[in-house]
Amino acid sequence: MDSIAELVTTGSEMSFDKAQDLVQLAVMASGRRGVSLLEIEAEFGRTRRTAQRMIDALQTCFPSVRHETDDEGRRRWILPVSAVAQFLTPTADELVAVTAAIEELRLTGKATEAARLRSFEAKVRALIPGPARARLAPDEEALLEALGHAARPGPRPAIQPDVEAAISRALKGGCLLRIQYPGRDGNPTAPRTVEPYGLLLGVRRYLVARDTAKPDGGLRHYKVEEIETAECLNEGFVVDPAFSLRAHAQTAFGSYVNDSDAADVAWRFTPAAAARARRFVFHPTQTVEEGEDGSLTVRFTASGSLEMCWHLYAWGDAVEVLEPESLRARVQDHRRSDFESLP
């Protein structure tokens, strides 16, 4: 057999599903480090013996496969990229996923990242052979229309391209950032030089940074939409190795982190709203309890009581705040029963 196509056409020797797995394996083997039996087992959910048979099939279809032993003593099979080039044409689903990701970045105010991904997309499309491009176009158009990302409604952060680009450069380069940011009273203040640690995205976007002029050295959160100007400086800084943006973000309900506002939270959804509430992940650390009456209680620890209020209002009287008492008192008089639908 000279090719996978010939193996498939025989019917009895290789099923279509197995041929697809073999193509996927060939692509994995064409990576810089090749592929090991352990990785095949993990990727395809197969036993060691089946993984070995897949390697045998790979070597039958691709005589240019070679093997070597890595630093950990594992054998790895490596295939030249040229041998699988014909299988690397993206599918319509993959192209649509990239287009949707670009639109999602744009809608969340990540204009610089959206532009870079759009440039990457253009390069990928340029490498697709003409006949294949023509075949993909109808499916891609239908999928994009079904997704409806281009017409996605709802509020989104206002974008200031110059500010967003400066923040992006500073974050990637580990550089100090000079920003013009209003004071608490809204009046102009002197420019601030900050050490940018990351961005928190949500209803609002916050730049997590340390103000170099503040002696406490604590993290502060600046609303990106309120940063009037931003300049990436040619001066680096050392990021605290103990800092994790993911862990930092998980201390909040939304995109605003305020340690002094953190509390144990418990919300009880009525039996009528429980099914809808189960479809939400309100917080990455949440636990849920099923009530005997069909209700659902969600518990987590986080700050961000104001953003909790905004979200709880949408549930009307279908949710009750059990704790903390401060949050319960804040929303109790604003629970409504006349909403036509739940979130």
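For clarity, every value in this text was computed on a predicted model and none was experimentally measured.

Engineer: Describe the overall build of the chain, naming the residues involved and giving the relevant values.
Structural biologist: The helix and strand tally for the chain stands at 12 helices and 12 strands. Total accessible area on the chain stands at roughly 19,900 Å², and carbon and sulfur atoms take up 52% of it.

Engineer: Before we move on, could you go through the packing of aromatic side chains and cite the residues and values that matter?
Structural biologist: The final tally for this structure, using the stated rule, is 13 aromatic pairs. Summarising the aromatic geometry, the rings of F280 and F282 are spaced 5.5 Å apart at their centres and angled 15° between planes, so their arrangement reads as stacked. Summarising the aromatic geometry, the rings of Y313 and F339 are spaced 5.5 Å apart at their centres and angled 80° between planes, so their arrangement reads as edge-to-face. One end of the pair, Y313, is in helix α11 (residues 305-314); the other, F339, is in the segment after α12 (325-331), and 26 residues separate them in sequence.

Engineer: Give me the pairing of strand β4 (residues 175-180): which residues, what numbers.
Structural biologist: The buried fraction of β4 is high, at 5 of 6 residues. Bridge count for β4 against strand β8 (residues 229-236) is 5 bridges, and the pairing is antiparallel. Each residue of the ladder has a partner; that of L177, found in β8, is C232. Relative to strand β5 (residues 192-200), β4 runs antiparallel, the two being bridged by 3 bridges. Bridge assignment links R178 to a residue of β5, and that residue is T193.

Engineer: Report on the sheet that holds strand β2 (residues 66-69), specifying residues and quantitative values.
Structural biologist: The sheet built from 3 strands is open, its strands ordered β1-β3-β2 with antiparallel pairing. The open sheet has two edge strands with one neighbour each: β1 (35-36) and β2. Here β2 pairs with strand β3 (residues 75-78) via 4 bridges, running antiparallel. When the bridges of β3 are listed, H67 appears paired with W77.

Engineer: So what about the packing of helix α3 (residues 37-44) against helix α4 (residues 48-61)? Which residues, and what values?
Structural biologist: Relative to each other, α3 and α4 sit at 105°, their axes nearing to 9 Å. The angle between α3 and α4 falls in the class roughly perpendicular. Mapping the contact onto sequence places L37, L38, I40, E41 and F44 in α3 and R48, A51, Q52, M54 and I55 in α4. Its residues placed into classes, the contact of α3 with α4 shows 7 nonpolar, 1 polar and 2 charged.

Engineer: Please give an account of helix α8 (residues 161-173) that cites residues and values.
Structural biologist: Because each turn of an α-helix spans 3.6 residues, side chains separated by three or four positions end up pointing in the same direction. Spanning 13 residues, α8 covers 18 Å between terminal C-alpha atoms, matching the ideal 18 Å at 1.5 Å per step. Within α8, the full set of buried residues consists of V163, E164, A165, A166, I167, S168 and A170.

Engineer: Give a detailed account of the sheet that holds strand β6 (residues 206-211), specifying residues and quantitative values.
Structural biologist: The strand order across the open sheet built from 5 strands is β7-β6-β5-β4-β8, with neighbouring strands paired in antiparallel fashion. For this open sheet the edge positions go to β7 (219-223) and β8, each flanked by a neighbour on one side alone. Adjacent strand axes in the sheet meet at a mean angle of 45°, parallel and antiparallel pairs treated alike. Seen against the sheet, α8 touches β4, β5, β6 and β8 and runs at an angle of roughly 20° to β8.

Engineer: Explain the side chain of E307 to me, and be specific about the residues and the numbers.
Structural biologist: Among the secondary structure elements, E307 is positioned in helix α11. E307 has contacts with F253, G254, S255 and Y256, leaving out every residue within four places of it along the chain.

Engineer: Go over the confidence of the model for the chain, please, and point to the residues and values.
Structural biologist: Do not read the predicted coordinates in detail wherever pLDDT is low. Mean pLDDT over the chain stands at 84; residues scoring 70 or higher make up 90%. In the model, residues 7-13 has pLDDT below 50 throughout and makes 8 contacts with residues more than four positions away in sequence or in other chains.

Engineer: Could you give an account of the pattern of salt bridges, naming the residues involved and the relevant values?
Structural biologist: Here the structure, examined in full by the defined rule, presents 19 salt bridges. In this structure, R74 engages D70 in a salt bridge whose closest nitrogen and oxygen atoms are separated by 3.7 Å. Residue D338 is joined to R336 by a salt bridge in which the shortest nitrogen-to-oxygen separation is 2.8 Å. One salt-bridge network, in which partners are shared between bridges, spans E39, D70, E72, R74 and R76.

Engineer: Can you lay out the side chain of S305 for me, pointing to particular residues and giving the numbers?
Structural biologist: Among the secondary structure elements, S305 is positioned in helix α11. On the basis of relative accessibility, which here comes to 17%, the residue S305 falls in the buried class. Of note is the side chain of S305, whose polar atom sits 3.2 Å from the side chain of R330. Filtering out sequence-adjacent residues up to four positions away, S305 remains in contact with D261, L327 and R330.

Rules used in this analysis
- Residues numbered from 1 in each chain as written.
- Predicted model: local features only at pLDDT ≥ 70, side-chain atom pairs only at ≥ 80, totals over all residues.
- Heavy atoms only, no water.
- Helix = DSSP H or I, 4+ residues; strand = E, 2+ residues; numbered from the N terminus.
- Areas by Shrake-Rupley, 256 points an atom, 1.4 Å probe, with all protein chains shown as cover.
- Phe/Tyr/Trp six-rings, centres within 6.5 Å; stacked < 30°, edge-to-face > 60°.
- Buried < 20%, exposed > 50% of the residue type's maximum accessible area, 1.4 Å probe, protein only.
- Pairing = 2+ DSSP bridges.
- Axes fitted to C-alpha atoms, helices over the stretch in contact; angles between N-to-C directions.
- Parallel < 35°, antiparallel > 145°, perpendicular 65-115°, else oblique.
- Contact = heavy atoms within 4.5 Å.
- Nonpolar A, V, L, I, M, F, W, Y, C, P; charged D, E, K, R; others polar.
- Expected span 1.5 Å × (residues − 1).
- pLDDT = per-residue confidence, 0-100.
- Salt bridge = Lys/Arg side-chain N within 4 Å of Asp/Glu carboxyl O.
- Polar contact = N/O pair within 3.5 Å; in protein donor to acceptor, adjacent residues only side chain to side chain.

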